Amino acid sequence: MRTPDGQEFWNAGEYHEIVPHEKIVSSMYFSDSKGNKVEPEHYGIKHEAHRWRL
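Note that the structure is a prediction, hence the values are computed from the model and not measured.

When its secondary structure is counted, the protein shows zero helices and two strands. A buried classification covers 13% of the 54 residues belonging to the protein. A total of about 5,300 Å² of accessible surface is found on the protein, and carbon and sulfur atoms cover 52% of it.

Where strand E1 (residues 10-19) and strand E2 (residues 23-31) come together, nine bridges link them in antiparallel fashion. Its bridge partner lying in E2, Ile18 is registered against Ile24. Following E1, the chain reverses through three residues before pairing antiparallel with E2; His21 in that reversal takes a positive phi of roughly 65°.

Applying the stated criterion to the full structure yields two salt bridges. Notably, a salt bridge pairs Glu8 with Arg2, separated by 2.3 Å at the nearest N-O pair. When its relative accessible area of 34% is taken as the criterion, Glu8 is described as partly exposed. Using a relative accessible area of 59% as the deciding quantity, one classes Arg2 as exposed. Notably, a salt bridge pairs Glu17 with Lys23, separated by 3.4 Å at the nearest N-O pair.

Criteria and thresholds
One numbering rule holds for all chains: residues counted from 1, following each sequence as written. Residue-level local features of this predicted model are given only where pLDDT is at least 70; pairs of side-chain atoms are given and counted only at 80 or more, and the full residue set underlies all totals for whole chains, interfaces and linings. The side-chain figures draw on all heavy atoms in the structure; neither hydrogens nor water molecules are used. Secondary structure elements follow DSSP: runs of H or I no shorter than four residues count as helices, runs of E no shorter than two count as strands, and numbering proceeds from the N terminus. Residue exposure (1.4 Å probe, protein chains only): buried if accessible area is under 20% of the type maximum, exposed if over 50%, otherwise partly exposed. The method behind every accessible area is Shrake-Rupley, applied with a 1.4 Å probe, and residues are considered shielded solely by the protein chains displayed. Between any two strands, pairing holds if DSSP finds at least two bridges. Here a salt bridge means any side-chain nitrogen of Lys or Arg lying within 4 Å of a carboxyl oxygen belonging to Asp or Glu.

So far we have only geometry, and geometry alone does not tell us how the molecule works.
Here you go:
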C-alpha cells in the first residue's frame, strides 16, 4: 500500500485452515518488502491488540 505522500506499507498473510464451502481461517500482518513480519511500530503505527473475526 502506498499513502498519498508516497510512504509504502507492506503486509502479508497466511492461510491456517480451509474447509471448502464452509470456512477459511487466515491471518494478516505487517511485513517488510520481502514478506518478513514486522511490528506496526516499524511503520509508526500504534499497536492495538485487537483480533478480528469475520
